[in-house]
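Survey of secondary and tertiary structure
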Amino acid sequence: MTEIAQTERRSVDRMHVRIEHLDKLLSLAGEVIITSANLQDLERRAQDSAAKRIPLRGESLDLIKTSNEASRRISQDLHDLVMAIRLVRIGDTFRLFRRPVRDLCRSLGRDVELLFEGEETLVDKALAERLVDPLLHLLRNAVDHGIESPLERTRAGKPARGRVTVTARDHEHTTEITVRDDGRGIDEDAVRRAAAEAGAAAGSGADMVLDILCRPGFSMADRVTSTSGRGVGLDLVREVVGEFDGDLRLEGEPGRGALFRMVIPKLRAVNIIDALTLRAGRRLYALPIERVVASLGIPPDEIRTAFGRDRFFTYQGDVVAVRDLEELLGAEPVGVEKGEYSLVVVQGKRRRLALVISEFMGPQKLVHMPLDSYIRRASGVAGTAIFTGGRLGLTLDIDELIESAFGSTSSAVSRAGRARDAEGAVEEEAGERAEEQIGGASGSRAATGGSSVHLQEADAEELARELRQNMGALQDALLNMESEPDKEDHLNDAFRRLHAVKGNFTMLESDPAAETAHHLETVLDYLRAGRLESTQERMDLLLDGAGYLSRALEALPGPAPERPVELARRLREEASAEGAPRRIASAGDLIGRAFELSPTLELQTLCGLKRGERILESYFVFRPGRQADFLVAYLLLRRLGLQGNVLATIPSVDEIERGDCGSAVKVLWATQMEEPEVVSWLERLADRYNLTEHGSVAATVFRNAVE
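Residues numbered from 1 in each chain as written. Predicted model: local features only at pLDDT ≥ 70, side-chain atom pairs only at ≥ 80, totals over all residues. Heavy atoms only, no water.

1. Focus on the overall build of the protein
Put simply, the rule is: A helix here means a DSSP run of H or I that spans at least four residues, while a strand means a run of E at least two residues long, and both kinds are numbered starting from the N terminus. Accessible area is worked out with a 1.4 Å probe on protein chains only. A residue is then buried under 20% of its type maximum, exposed over 50%, and partly exposed in between. Contact criterion: two residues are considered in contact whenever any of their non-hydrogen atoms come within 4.5 Å of each other. Calculation of accessible area relied on Shrake-Rupley with a 1.4 Å probe; when residues are assessed, cover is drawn exclusively from the protein chains displayed.
Along the backbone of the protein there are 26 helices and 23 strands. Taking all 707 residues of the protein together, the buried fraction comes to 41%. Considering only residue pairs separated by 6 or more positions, the protein has 69% of its internal contacts joining residues 24 or more positions apart. A total accessible area of about 37500 Å² is found for the protein, and carbon and sulfur atoms account for 50% of it.

Here it is, written out as structure tokens:
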């Protein structure tokens, strides 16, 4: 994936922490010290009591109770504080998608408006990082497969511009993230036919469609492209959502668009779970308590069998399958103990399951320690935990247990299938990147004011972190410039961010990147001064340059990749001084400069001639030093406006207001005054404004047409 730099997607080992959280952490540390001192005192009293064989006094018992309550409260406060520290705005993740969606729309010829809602929703940092790839796949599908071309949409009675909306909503126990488009939707019949051709089972309903679309290797595309066709995408979305015990749902109808809804339980905290502890055989287990529906004892005659092997019973009117926990984990089954089955009913994503166990031990808050992927063997085991009394037990993954119980395809097989498909995609992308980066221009440290100072590792990491932040803000500013070109704030913001980016790359001794940033900064400076016009081609150049800077950031701490030859050429042309309009400094500069009249101004000129007005081309040269040149030019234009109608100026009025005019100006204006009056009036202006030179000629444009 080239749209989002890996430096922005990868997990980082540092976060911004609010001062209030640090203050609370220090306060809790102080309470821990006090509680520890109380426990030491209690230990001393208990030893004295045991040695003297006398019972503890009442004050010691009160201290035990107080210390116990303080310990529980501090643990809960630390739990909540860690959770609060890890929360980040989901809008920071949403921001990463603007550039790749924009580039995809341009490559596919789509006109799409990307909207974000609920950007202030707070989610765990781990979830925000893992959702980048799934959300990008859903957005790609929406643009590539969902949104029609402008012509198709117009024929279907829709606005030519499509809309894709990403929404985050915060609920009490879950976070809901949706991706909705108003495109062609998903044709259930077409999916069923494609599934039949691929040898997959058919069915009906949204769940069937989603199950088929999420199968590794399944694709509705006719051919493989850089965007789609490999069948790698929705299966990844479902798997990542499943990692967080979430659920993926599909809604919509043909012709009206599609909606993918991810419902993800809120993370309790880092490896801290509220669990129901139990025993099965000789082993101890812990189940997430929010997934436990009921715990009960059932006589053997209430357990029925189907086809001689599958067991089930009826709970609250629903048929619930019964499986032995130890047997699911590959050990000897528990069976009936004390004349009845001890069952715990757990809730999966779509169904329930009753597990046969030996003994309920009660709820407990545990520290869950996940097993590394190369250690984990038994499906359904999530990790380990230390139980009361220092005993070691296993924490269970409810969804994997249910998959094992009902014979679902293992996630390992799905991952293996996707890995084979992804391998080809990675090779293709690597080839495309190699071709893109053939050629280029190497940078000169003199051009960017580079430094030969070698940074300490910690300083380099800090600069790289700051660079990542500035690059993200720069991409946003450029995209805002493209969507709202009339707002000067976006241009100024981009210029400031780019200046910071150039400094970061210079300090990190990445010469080609620093030189590229220098050229981009020059182009933005010309746009600010009005020397260059903001066009789509220049916006493409700025965004292409920013894309190269993102790749250079990705390559750190190694050398920056070579710039594509075409990008280097375009940057040199735009950033060269010859490419910008010249300042008007004398009457000689005005000779030969023709007015560029819009159709409206040409019509005004024609109407003025029809009314008998005199159309004049006048030039004025100011004496330097008396007043600012732009102020003299501005006042002069106001005086001309009182005696006629100013049609056009060289330089333009905008350039004059910005001070980019020099000491001369040329004006096309219409007046009712006769020639002697004009000559006399211009002489008075020359005295008032200390003009060193001036002159006028009658414009003859449209004269024949008028006659």
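2. A word on a nonpolar patch on the surface
The following threshold applies: Patch membership needs two things, relative accessible area over 30% and no salt bridge, and members are linked within 9 Å if like-charged or within 5 Å if nonpolar (Val, Leu, Ile, Met, Phe, Trp, Tyr). What counts as a salt bridge is simple: a side-chain nitrogen of Lys or Arg found within 4 Å of a carboxyl oxygen of Asp or Glu.
Taken together, V17, I19, L22, L25, V32 and L78 make up a surface patch of nonpolar side chains, about 450 Å² in accessible area. The element that contributes the greatest number of residues to the nonpolar patch is helix 2 (residues 19-52), accounting for 4 residues. Tracing the chain through its elements places L25 in helix 2. A relative accessible area of 37% means that L25 is categorised as partly exposed.

3. Notes on the pattern of salt bridges
Pairs can form between side chains of opposite charge whenever their charged atoms are close. By the definition in use, this model includes 42 salt bridges. Across the salt bridge formed by D540 and R106, the nearest N and O atoms sit 2.8 Å from each other. In this pair, D540 is assigned in helix 19 (residues 536-555) and R106 in helix 5 (residues 98-108), connecting sequence segments 434 residues apart. Connected through salt bridges with shared partners, the residues R99, R102, D103, R106, E482, D540, D544 and R570 form a single ionic network.

4. Side note on the packing of helix 17 (residues 488-507) against helix 18 (residues 511-529)
For any two helices packed against each other, the geometry comes down to the angle between their axes and how far apart the axes lie. Rules: Every angle, taken between N-to-C directions, lies between 0 and 180 degrees, and every axis is a line fitted to C-alpha atoms, over only the stretch in contact when it is a helix. Angular relationships are summarised with four words: roughly parallel below 35 degrees, roughly antiparallel beyond 145, roughly perpendicular across 65 to 115, and oblique for the angles in between. Each crossing is labelled by how the near helix is turned from the far one, with a counterclockwise turn of less than a right angle marking it left-handed and a clockwise turn marking it right-handed. Note that Gly is not counted as nonpolar here; it falls among the polar residues with everything else outside the nonpolar set of Ala, Val, Leu, Ile, Met, Phe, Trp, Tyr, Cys and Pro and the charged set of Asp, Glu, Lys and Arg.
Between helix 17 and helix 18, the least distance of the axes is 9 Å, while the angle of their chain directions is 160 degrees. If you check the angle between helix 17 and helix 18, you find them roughly antiparallel. As helix 17 packs across helix 18, the resulting crossing turns out to be left-handed. For the pair helix 17 and helix 18, contact is made by L491, N492, A494, F495, L498, H499, K502, F505 and T506 and by A513, A514, A517, H518, L520, E521, L524, D525, L527 and R528, respectively. Along the lines of polarity and charge, the residues of the contact of helix 17 with helix 18 split into 11 nonpolar, 4 polar and 4 charged.

5. So, the packing of aromatic side chains
The line we're drawing: Pairing of aromatic rings covers Phe, Tyr and Trp, the last through its six-membered ring, and needs centres within 6.5 Å; plane angles under 30 degrees mean stacked, over 60 mean edge-to-face, and all others mean tilted. A ring is considered to have a charge above it if a Lys NZ or an Arg CZ atom is located within 6 Å of its centre and within 35 degrees of its normal.
Enumeration according to the criterion identifies 3 aromatic pairs in this entry. For the pair F94 and F116, a centre-to-centre distance of 5.2 Å together with 15 degrees between the ring planes defines the contact as stacked. In this pair, F94 is assigned in helix 4 (residues 90-94) and F116 in strand 2 (residues 112-117), connecting sequence segments 22 residues apart. There is no split in this pair, since F94 and F116 are both buried. In this arrangement the basic side chain of R323 is found over the ring face of F406, its NZ or CZ atom lying 5.6 Å from the centre. We note R351 situated over the ring of F406; from NZ or CZ to the ring centre the distance is 4.2 Å.

6. Digging into the confidence of the model for the protein
For residues with low pLDDT, the predicted coordinates do not support detailed interpretation. Just so we agree on the cut-off: The quantity called pLDDT is the predictor's confidence in a given residue, expressed from 0 to 100.
On average, residues of the protein carry a pLDDT of 76, and 79% of them reach 70 or more. Here residues 223-232 scores under 50 on pLDDT; set against residues more than four positions off or in separate chains, the count is 29 contacts. Segment residues 702-707 is flagged for pLDDT under 50; beyond a separation of four residues in sequence, or across chains, it makes 8 contacts in the model.

7. Thoughts on empty space enclosed by the protein
Once rolled over the atoms, a probe with the size of a water molecule shows which space is left empty. Rule in force here: Within this scheme a cavity is a closed region of a 1 Å grid, computed over the protein atoms alone, that accommodates a 1.4 Å probe without allowing it to escape, whereas a pocket is open but has protein on both sides within 12 Å along at least five of seven lines; lining residues each have an atom within 4 Å of a point. Grid points are joined across faces, edges and corners, and a volume is the space filled by probe spheres set on the points.
Evaluated as defined, the whole model comprises 1 cavity of 30 Å³ or more. Along its surface, the largest cavity is lined by L474, L478, L498, L520, L524, L542 and A546. Those elements that place two or more of their residues in the lining of the largest cavity are helix 16 (457-483), helix 18 and helix 19. For the lining of the largest cavity, a count of residues per class yields 7 nonpolar, no polar and no charged.

8. Thoughts on the sheet that holds strand 9 (residues 283-288)
Threshold: In this description, strands pair whenever DSSP reports at least two bridges between them.
In space, the 6 strands of this open sheet follow the order 16-8-9-19-18-17, with mixed pairing throughout. Of all the strands in the sheet, just strand 16 (359-367) and strand 17 (369-370) have a single pairing partner and so form its edges.

9. Considerations on the nonpolar core
For the record, the criterion: Among buried residues, those of type Ala, Val, Leu, Ile, Met, Phe, Trp, Tyr and Cys that are joined through side-chain atoms within 4.5 Å constitute a nonpolar core.
Membership of the largest hydrophobic core comes to 44 residues, with the highest contact counts inside it found for F94, F97, L135 and M262. For this core, the element with the highest residue contribution is helix 7 (residues 132-146), accounting for 7 residues. Residue contacts for F94: discarding those within four places in its chain leaves F116, E117, E119, L135, V166 and A168. The next biggest cluster of nonpolar side chains, apart from the first, holds 38 residues, and it includes M471, L532, L541 and L571.

10. A closer look at the environment of A331
Residue position: A331 is located in the loop between helix 12 (325-328) and strand 14 (341-347). What makes A331 partly exposed here is its relative accessible area of 22%. Beyond its immediate chain neighbours, meaning those up to four positions away, A331 contacts R283 and E326.

11. Examining the pairing of strand 12 (residues 310-315)
In the sheet, strand 12 pairs with strand 13 (residues 318-324) via 5 bridges, with the strands oriented antiparallel. What sits directly across from Y315, in strand 13, is D318. Hairpin geometry of strand 12 and strand 13 is characterised by an intervening segment of 2 residues between the two adjacent antiparallel strands and by a positive phi of about 50 degrees at Q316.

12. Some remarks on unusual backbone geometry
The omega torsion across L556 and P557 is 5 degrees, close enough to zero to call that bond cis. Following the sequence through the fold, P557 ends up in the loop between helix 19 and helix 20 (565-575). Backbone geometry places Q316, a non-glycine residue, at a positive phi of 50 degrees. Here Q316 lies in the loop between strand 12 and strand 13. Q316 sits in the exposed class, given a relative accessible area of 62%.

13. Brief notes about the packing of helix 17 against helix 19
Between helix 17 and helix 19, the shortest axis-to-axis distance is 12 Å and the interhelical angle comes to 35 degrees. Our pair here, helix 17 against helix 19, has a crossing hand that is left-handed. Listed contacts from helix 19 to L498, V501 and F505 of helix 17 are L549, A552 and L553. Grouping the amino acids of the contact of helix 17 with helix 19 by side-chain chemistry returns 6 nonpolar, no polar and no charged.

14. Observations concerning the sheet that holds strand 5 (residues 174-181)
Ordered by their spatial adjacency, 5 strands build an open sheet running 2-4-5-7-6, and the pairing between neighbours is mixed. Edge positions in the sheet fall to strand 2 and strand 6 (247-253), since each of these pairs with one other strand and no more. When the angles between neighbouring strand axes are averaged without regard to direction, this sheet yields 10 degrees. Where strand 2 meets strand 4 (residues 162-170), 6 bridges bridge the pair, whose relative direction is parallel. Bridge pairing in strand 4 places E113 opposite R163. Sheet contacts for helix 7: strand 2, strand 4, strand 5 and strand 7 (257-265); angle to strand 5, the most-contacted strand, approximately 20 degrees.

15. Some thoughts on helix 20
Test applied: An arc is given here, and it is the one of the directions from the helix axis to the C-beta atoms.
L567, A568, L571, E574 and A575 are the residues of helix 20 that are buried. Looking down the long axis of helix 20, one finds its buried residues gathered within 140 degrees of arc, a one-sided arrangement.

16. Description of the side chain of T649
Where we set the bar: Between N or O atoms, a polar contact is any pair within 3.5 Å; within protein, one atom must be a potential hydrogen donor and the other a potential acceptor, and residues adjacent in sequence are included only when both atoms are from side chains.
With respect to the element layout, T649 can be found in strand 21 (residues 644-650). On the basis of relative accessible area, T649 is assigned to the buried category, the value being 13%. Polar side-chain contacts of T649 include one of 2.7 Å to the backbone oxygen of P651. Non-local contacts of T649, meaning those with residues more than four positions away in its chain, are made with F595, L637, I656, K666 and V667.

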